[in-house]
Amino acid sequence: MTLAEMKKKVLRLIEEISDSNVNFTDDPDIAAKLNDVINQVMFEVARMKKIPALYTEGFDTFTILDLRTIPNFYQLDHIRFITESGEEGEVDIFGTFLEFYEPGTAHVYYFKYPERITAGTLDSYEFELSEDALEVLPYGVAADLLKSDISNEYGKIYEQRYETMLARLDPRYSAATIFFEGGYN
């Protein structure tokens, strides 16, 4: 889904869509804050339905890798370090630092933050969230956009729906499967 499609979905939801306006709405206040609000809610949803990523780097000598240098790093899942001889290598973890004691290749499986949406982000921006997470996002955006409109309390209605949908969002991408080869004793 693109940013333009998300904007239209949100604006249709709150009945502020305008097909004749380049900003998709005639309300200048909503148009001015739409990207910022989408970004904020997107980051919140991404912490619930995490975005998996892989970072691979080879080392020729003892190396300390700071996880904060990995693009959009959010949370570590696991590390696989293969030495030059093809064996599993030793890795020490301290906070955000990984220590590799010999030459080899590190495969860092992690969860990442999505690419940030700013005022200058093009409408062709493609979301990295899963389809189910993208269905939750418009309700959170609608709630934030309408939270200051106390006359009809639509913001609270959308917020309740958003919180319910967010709570029901399944954080898994797959269920674990284990295979035994050759039986077991």
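Preceding this section is the structure that the text describes.
The notes below deal with the structure included here. Computed from a predicted structure; not experimentally measured.

What counts, and where the lines are drawn
Residues numbered from 1 in each chain as written. Predicted model: local features only at pLDDT ≥ 70, side-chain atom pairs only at ≥ 80, totals over all residues. Heavy atoms only, no water. Pairing = 2+ DSSP bridges. Helix = DSSP H or I, 4+ residues; strand = E, 2+ residues; numbered from the N terminus. Axes fitted to C-alpha atoms, helices over the stretch in contact; angles between N-to-C directions. Patch = residues over 30% accessible without salt bridge, like charges linked within 9 Å, V, L, I, M, F, W, Y side chains within 5 Å. Areas by Shrake-Rupley, 256 points an atom, 1.4 Å probe, with all protein chains shown as cover. Salt bridge = Lys/Arg side-chain N within 4 Å of Asp/Glu carboxyl O. Lys, Arg positive; Asp, Glu negative; His and termini not counted. Charge placed at Lys NZ, Arg CZ, Asp CG, Glu CD. Buried < 20%, exposed > 50% of the residue type's maximum accessible area, 1.4 Å probe, protein only. Phe/Tyr/Trp six-rings, centres within 6.5 Å; stacked < 30°, edge-to-face > 60°. Lys NZ or Arg CZ within 6 Å of the ring centre and 35° of its normal.

## Structural notes on the sheet that holds strand 5 (residues 97-100)
Spatial strand order, 2-5-4: three strands in an open sheet with antiparallel pairing. Single-partner strands in this sheet number two, and they are strand 2 (63-66) and strand 4 (91-94). The sheet shows a mean angle of 20° between the axes of neighbouring strands, taken without regard to direction. Two strands pair when backbone bridges link them, and strand 2 and strand 5 are joined in this way by four bridges, in the antiparallel orientation. Residue pairing across strands places Ile64 opposite Glu99, the latter belonging to strand 5.

## Some remarks on a negative patch on the surface
Taken together, the side chains of Asp60, Glu84, Glu90, Asp92 and Glu102 make up a negatively charged region of the molecular surface. Take Glu90: its relative accessible area is 52%, and that puts it in the exposed class.

## Examining the sheet that holds strand 3 (residues 73-83)
Note: strands within a sheet are paired through backbone hydrogen bonds, in either parallel or antiparallel orientation. The strand order across the open sheet formed by three strands is 1-6-3, and the pairing between neighbours is antiparallel. Edge positions in the sheet fall to strand 1 (51-59) and strand 3, since each has one partner strand and no second. Here the average twist between neighbouring strands, direction ignored, is 20°. When strand 3 meets strand 6 (residues 104-112), the two strands line up antiparallel, connected through nine bridges. Bridging from a neighbouring strand, Arg80 pairs with His107 of strand 6.

## Description of the packing of aromatic side chains
Tallied over the entire structure, the rule returns eight aromatic pairs. On the basis of an interplanar angle of 50° and a centroid distance of 4.8 Å, the ring pair of Tyr74 and Tyr113 is categorised as tilted. Here the residue Tyr74 occupies a position in strand 3, and Tyr113 occupies one in the loop between strand 6 and helix 3 (131-146), the gap between them amounting to 39 residues. For Tyr74, a relative accessible area of 23% gives the class partly exposed. Accessibility expressed as a relative area gives 24% for Tyr113, which makes it partly exposed. On the numbers, 6.4 Å between centres and 50° between planes, the contact of Tyr139 with Tyr158 is tilted. Of the two residues, Tyr139 sits in helix 3 while Tyr158 sits in helix 4 (residues 154-168), which places them 19 residues apart along the sequence. Through a chain of ring-to-ring contacts, three or more aromatic side chains come together here, namely Phe43, Tyr74 and Tyr113. Sitting over the ring of Tyr139, Arg161 keeps its end group 5.5 Å from the ring centre.

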